[in-house]
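# A closer look at the structure
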Amino acid sequence: MGDLALEMEKNITYLTPLLDNALKNLEKGFNQFISDPTEVKKLSCLLKDFAGRETALHEAKNLGKLYKGKIFLKREDLVHGGAHKLNNAIAQCSLAKFMGIKNVIAETGAGQHGVATAMACANLKLSLQVFQGEIDVQRQYLNALRMKLFGAHLIPVTDGSKKLKEAVNAAMRFWVANYQDHFYCLGSIVGPHPYPSIVRHFQKVIGNESRKQILEKTSFLPSAIFACIGGGSNAAGIFSAFVSDESVKLVGCEAAGAASLSHGAMGVLHGMETFILQTSNRQIAETHSISAGLDYPAVGPWLAGLKQENRLQTQAILDEECIQSLNELATEEGILCALESAHAVAGAKKYLANNPGETIIICLSGRGDKDLDTISNFKNKSELK
Ligand SMILES: *Cc1c(COP(=O)(O)O)cnc(C)c1O
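Owing to the predicted nature of the structure, the values given are computational and were not obtained by experimental measurement.

For the chain, the count of helices and strands is 16 helices and 12 strands. A globule of 385 residues ought to have a C-alpha radius of gyration of about 21 Å, and the chain, at 19 Å, matches this closely. Referenced to the eigenvectors of the C-alpha coordinate spread, the extents of the chain come out at roughly 55 × 50 × 40 Å. The long-range fraction of contacts in the chain, counting pairs at least 24 apart against all pairs at least 6 apart in sequence, stands at 75%. Each charge sign in the chain was given a centre, from 40 positive and 39 negative side chains, and these centres are 3 Å apart.

Next up, the structure:
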């Protein structure tokens, strides 16, 4: 199991010779970095002291009573910055420094990856330029402000729909022309090889810790693991450590309006061949989700491979179901999770309704403070109905 997933992750789609050079250079640097004991040790110190790892595996006993199962939460909401994104950002920025590159670029949608990279660059004394769609710069003004406070330079992208897809294109274009002195810190397990492998490697810390913690707490592996899927980095991070344990079900929870694994078809986007949401004439479809982090029309090729091997199950979660689970987690446990993470909670709720009494892990990818405006708007709208 997982062979096709690995093959798809390493698949090379059509590339320009310049991009090819940039990616080969990156792969070489990455392989040296992860086999250098000094660098590995430095990174693990940063993860501990700067990012706050390891994160807790917390048994949610009240929610477990309500949903009728033994529920453990992997608390990535406790990572510095409030989400799993820093695990990857601090690691890629350490890699940039190791490769002797002092200028970092990044793309960002809602701004969460931009903020994580800005924190990492400030800490490691690297300069940062962030490409963000103009519409996202405006509607995510607090994250734009955070990035600036950490010293990053924000570049609004005005092409096309002025959102994440265009921001990735702009960052790639810039990188291809400037890769010799710029490092592209990519935010999820997407894009051309080796990015999906690099990001998955750096996020696997979530799964490695969870596996050790659940064995300490229960002496058994869980029957299922739930994670939300945007590009798929938190999901791949936790699933990676359990993929060979065939008794453990892996369940990816997508936004119903951006469910590329459930409803997409094979295609090529951003240098990867994977499931993509497409219209009937094979254009990239417009997506919708209440959570900005899941609002992406494609998914990492590794997860697409697992899905094709039937190793991965998926659930499509509606905005209403997401809000309901966010509320239930808040009132039962005193934890306000991100809208993205609430999709995983909602997926677990549906699963336990049919499989009561099982032990499961939910990857709680982030905290919900960033989403208060969205939650309040959603509630006002529902009351008007
Ligand atoms: C960005 C984000 C996601 C989605 O990204 P993945 O790469 O799919 O993990 C999920 N949860 C939170 C809290 C995020 O910030």
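Picking up after the structure, the text goes on.
Okay, the pattern of salt bridges next. Under the criterion given, the structure shown has 21 salt bridges. The residue lysine 48 makes a salt bridge to aspartate 49 at a minimum N-O spacing of 3.8 Å. Note on aspartate 49: relative accessible area 61%, which makes it exposed. Ionic pairing is found between glutamate 328 and lysine 349, a salt bridge with its closest N-O pair at 3.2 Å. Note that glutamate 328 is positioned in helix H14 (residues 319–333) and lysine 349 in helix H15 (residues 339–354), a separation of 21 residues in sequence. Owing to a relative accessible area of 27%, lysine 349 belongs among the partly exposed residues under this scheme. Overlapping salt bridges, with partners in common, bring together Arg53, Lys74, Glu76 and Glu209 in one network.

Calculation notes
Residues numbered from 1 in each chain as written. Predicted model: local features only at pLDDT ≥ 70, side-chain atom pairs only at ≥ 80, totals over all residues. Heavy atoms only, no water. Helix = DSSP H or I, 4+ residues; strand = E, 2+ residues; numbered from the N terminus. Rg over C-alpha atoms; globule rule 2.2 N^0.38 Å. Contact = heavy atoms within 4.5 Å. Lys, Arg positive; Asp, Glu negative; His and termini not counted. Charge placed at Lys NZ, Arg CZ, Asp CG, Glu CD. Salt bridge = Lys/Arg side-chain N within 4 Å of Asp/Glu carboxyl O. Buried < 20%, exposed > 50% of the residue type's maximum accessible area, 1.4 Å probe, protein only.

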